Structure formats: structure tokens, C-alpha cells
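Remarks on the overall topology
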Amino acid sequence: MTVHFPFQNSYAALPDNFFARVAPTPVAAPRLIKLNRTLAEELQLDPKELETPEGTEILAGKSVPEGADPIAMAYAGHQFGHFVPQLGDGRAILLGEVVDKNGIRRDIQLKGSGPTPFSRRGDGRAALGPVLREYIVSEAMYAMGIPTTRSLAAVMTGEAVYREGALPGAVLTRVASSHIRVGTFQYFAARRDSEAVRQLADHVIARHYPEIGAAERPYHALLDAVITRQARLIAQWLLVGFIHGVMNTDNTSVAGETIDYGPCAFMDAYDPKQVFSSIDEFGRYAFANQPRIGLWNLTRFAECLLPLLDDDKDTAIKQAEAALDGFAEQFTAAHQAGLRRKLGLSTEREGDQQLAQALFDAMTAGQADFTLTFRRLSDAAGDSDDSKVRALFQDPAGFDEWAPRWRQRLAEERQTPDERQAAMRGVNPAFIPRNHRIEAVIAAAVRDNDFAPFEELIAVLAKPYEDQPAYAAYAEPPQPEERVLQTFCGT
Ligand code: AMP
Ligand code: MG
């Protein structure tokens, strides 16, 4: 059976120094673990075709579909603050782009599909665990309404990859509105190739920001637009307790999607200093540090654009600084509006942010679970019983002080309790991809070849805002012995 991909590749039409043409490396015995049928249909692909042995071979990189133009993209990046002039897709290959049902161009990329000219000393492969992790977390982010790359499929390769020991190999088919990163701009800027920076900027404008194509100063508008999307994205992360873990500039999408899920995690007990990556020694990418790092990454982006902003360097720098000044304001506006929604406040009053902060302080002191606190507050907003929220606090003193303040503030609202409850339940998820659940899914898959827990977790996380009584246990934080303290880069 022929598997049809309606490819319309635009990145591969850019100059040759933007990428390396390279085909995926065939693997021994591909086996389809998961196909995201809904996403396939959205991409105008036929799930039935993808589920055939031919489809599985394509998703494993064993054969290349017609119309594909496989490339590894070139990019650079600051990793933990240190600049690396050449990174690039070392274990990912962009098969091509399709235009989805909504007219949006989407990349279809295989991750773990074998070495490329950018692999350095890596093997170009991915282990099953990290592939399942990325599948679960990216789809959970999507279900929560947070911009993200998506997961179309996971396949096992039938080959081992060697990390701490031998692990089953796998390939993730990742879908993104593009895989262009801040680091892609840095690659050309570091080579002082302003013409390439301009071509890349024009490509990004046409693809992600068509509305600014006709702007008088399109590159200024591009900088503003990327800043806005990152500010909103990071605000959304903070509102659900997400820690990206490796916010390097090569993991920062200029389209404003969450990308490159490695050692990421959702917080259980609230702790703004929480770090998840085992390689993040100094808390650079700690939960509450993410806005600051976002701005740092955007500053690197602005530096790349300087030659396009003005011929006079000082003028260009001033203009870039003015644009970057907008980040804090936009982040704060998005974050504060989100916090009001989480607290059930449909209007804005003086003191709302202090009210939110006081809850966070109480949560920190009481080691309350971030997600459950807000979910149970949503339930409590429909009546006057705070006891189920209170029970989440090991030391409830702070909560006891806070709860009457919140009630008083709610009394100033015009929404009915039912309306408020419905609104809060629509923004405060019951189900997040908790780390101990992900680890259990991976253990079952890797140790026992059992993918039933993976399927069940994905199904639960697809409806994060609905109570699913049969799966109530998935909403629970880990027991002390289940707690996962850090996740490893898992490459
Ligand atoms: P990451 O930490 O996954 O964002 O990757 C950082 C850089 O290392 C990128 O250039 C990747 O392509 C590269 N890389 C990560 N893992 C591998 C691997 N197993 N083989 C080759 N390159 C890799
Ligand atoms: Mg990366």
C-alpha cells in the first residue's frame, strides 16, 4: 500500500547552508507503539495507511515516503549559558512539511532516526523511555491548551541503544509549526552571515507571522511578535506548574511552541525553586526562574536581528532594548490574568496579586500540591466548604489565614458560584502528567513490554479538565516513596 503524505516543503528550498540533506538510517524491526489518529487526520494523513507495515517503516525511518525531502537542520545555541556555534539536528530528520486542515503548515520530523552530519559523537538515536515521555507530556500540554509541538507516532526500532546500559530504541514522529529556534538565527549570526539571517527572518515572518509581512519595519515587528509569544508561553507554563528543564536557546522556538521535552516535569508540591534536570546544578532553569531565562534567550534572539534593525549599531541596540523591555510587561499581564482566572476572579481589583502571592506562600510553607490546590479551590468555589483544600496543607496555618481573604474577595464578584466554579474548572486541570506516573509507564514498557499503562495515561491526560472518577488516582501526587526527584536528559 502506498502511504500518501501531501508534502509541500519550504525549508528545504532555502539555501544549502541551512541544512544537510540526509536520509534516516534504516532499522531492523520497526514496531508501531502508538499512532495519534486524530492528529494524523488533522494533518490530512490517512491513519489506516500509517498503521500498515509500510506506514510503520516510514515512521521508523526505514523507508522514505514520496515527496519527502529529508534534511537535518543547522542551528547553534547557548547551552546553560555557553555558546556552541554548531549544534543542529544530531538525531532528528525533517521529512517535510504538510499543510493541515486549517491551512497551517506543519513540520513532520523523525526524532531518533539515526546519525546526521550534526551528530558529533552522538549515535543519532533515542531510547524508548524519553520517546514515551515526550509523547505523553507534549500531548498533555496540547490538551491543556498550551502551545506545543505534537506527537504523531512512537515506534520501536527493534534495535538497542546504549546509554547507562542497553535500552530499547525508538523513534518519535514530532509535529511542529516549525523547528526553527533562536539557535537557528544564532547559527548564521555567529557566522556574520546577515544575508542568511535576513532570509531566515523572511521565512519565519511568512510562515509564522504573516500579519506583519506588510509592516513598515517587519524585522522590528518580528522581534516584538516572538517576544509576545514567548512571554505568553512561559506565563502558561507557570500557571500549570511546568518546568521545562533545558531552556537553552536551541530549545526555544521562534513560533512560541514548547519544544524539546527532555528532563521536564510538572511540580507536585509547590516550590518556586524547584529544579528537575540532573544537569542543572545552579538552578538556572528552576521553576520561578523561567521568565528571566526566557528574556535572556530573547535577548540572544534580538542580538541576531541587530543588523536587520538599523545600519547604525547603537540605534539598533536601543531599538532592541526597547522591544525587550516589553517582555516583562507582557509576561506579567498574561501571568496575572491567568492567576485571576485560577482564583475565580472575573474582574480585576487592587490587591489581587497580593492575594495570589499569599496563597503561594501558604502553599510553600504547607507543601501543598500545586495542581490539586487549584482544582479543589475550583470545587470549593461552588459552595463554602474549604476543608478539602485545607487537607492538602501539611501545615494549614497559612491557608487558614488566606481562605477568608479569598472568600471576601469572591463576595465582590458578580458571577454566580456555579459560573465561577465552571470557569475555574476550565483553567485548573485535574490531571497533569505527573512524573511518578510517567516513570511507571516507562518501566512497564521497557521492563515488561507492557504498553497498557501508557495508553491509559494518554487517555486520562487527553481530558485534563474533566473529573474522571474512574481514574481519580491519576490526579493524586506521589506517595513519598514514589517521588521522582530529578529526570535525566535521557538522550
Ligand atoms: P537536546 O539536549 O536533545 O536538545 O540536544 C542538544 C544537541 O545534541 C542537539 O544538537 C541534538 O541534536 C544533539 N543530540 C542529542 N542527543 C543526541 C544523540 N543521541 N545523537 C546525536 N546528537 C544528539
Ligand atoms: Mg534540543
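The structure displayed is predicted, hence computed values, not measured ones. (Residues numbered from 1 in each chain as written. Chains lettered and ligands numbered in written order. Predicted model: local features only at pLDDT ≥ 70, side-chain atom pairs only at ≥ 80, totals over all residues. Heavy atoms only, no water.)

On to the overall build of the protein. When helices and strands are counted, the protein shows 16 helices and 12 strands. Relative to its length of 491 residues, the protein is compact, with a C-alpha radius of gyration of 23 Å against a globular reference of 23 Å. Overall size of the protein, expressed as C-alpha extent along the three principal axes, is 65 × 60 × 40 Å. The proportion of buried residues among the 491 residues of the protein is 56%. (Helix = DSSP H or I, 4+ residues; strand = E, 2+ residues; numbered from the N terminus. Rg over C-alpha atoms; globule rule 2.2 N^0.38 Å. Buried < 20%, exposed > 50% of the residue type's maximum accessible area, 1.4 Å probe, protein only.)

What follows covers the domain arrangement of the protein. Where the parts come together, the accessible area they lose is often given as the size of the interface. Each assigned domain of the protein is listed here: domain 1 (11-179) and domain 2 (183-336). Counting residues at the interface gives 38 residues for domain 1, matched by 39 residues for domain 2. On the domain 1 side of the interface with domain 2, the three residues burying the most area are F18, H78 and F80, jointly 21% of the side's total. The closest approach of N and O atoms between D107 and R207, which form a salt bridge, is 2.6 Å. (Domains from an automatic or database assignment. Contact = heavy atoms within 4.5 Å. Buried area = accessible area lost by both parts, 1.4 Å probe. Salt bridge = Lys/Arg side-chain N within 4 Å of Asp/Glu carboxyl O.)

Another point: the site of ligand 1. Residues in contact with ligand 1 amount to 18 residues; listed here are only the nearest, G88, G90, R120, D123 and G124. Interatomic distance of 2.6 Å between a backbone N/O atom of G88 and an oxygen atom of ligand 1. The side chain of R120 places a nitrogen or oxygen atom 3.0 Å from an oxygen atom of ligand 1. Alone, ligand 1 offers 480 Å² of accessible surface; in the complex the protein occludes 85% of this. Classifying every residue of the shell around ligand 1 by side-chain character gives 2 nonpolar, 8 polar and 8 charged. Viewed by domain, the shell around ligand 1 spans two of them, domain 1 (11-179) and domain 2 (183-336), each represented by three or more residues. (Near = heavy atom within 4 Å. Polar contact = N/O pair within 3.5 Å; in protein donor to acceptor, adjacent residues only side chain to side chain. Areas by Shrake-Rupley, 256 points an atom, 1.4 Å probe, with all protein chains shown as cover. Nonpolar A, V, L, I, M, F, W, Y, C, P; charged D, E, K, R; others polar.)

For the magnesium ion (ligand 2), the full set of protein donor atoms is N251 (OD1) and D260 (OD), and the range of their distances to it is 1.9 to 2.1 Å. Here N251 falls in the buried class, since its relative accessible area comes to 11%. D260 gets classed as buried once you look at its relative accessible area, which sits at 14%. (Donors = N, O, S within 2.8 Å, 3.2 Å for Na, K, Ca; no water.)

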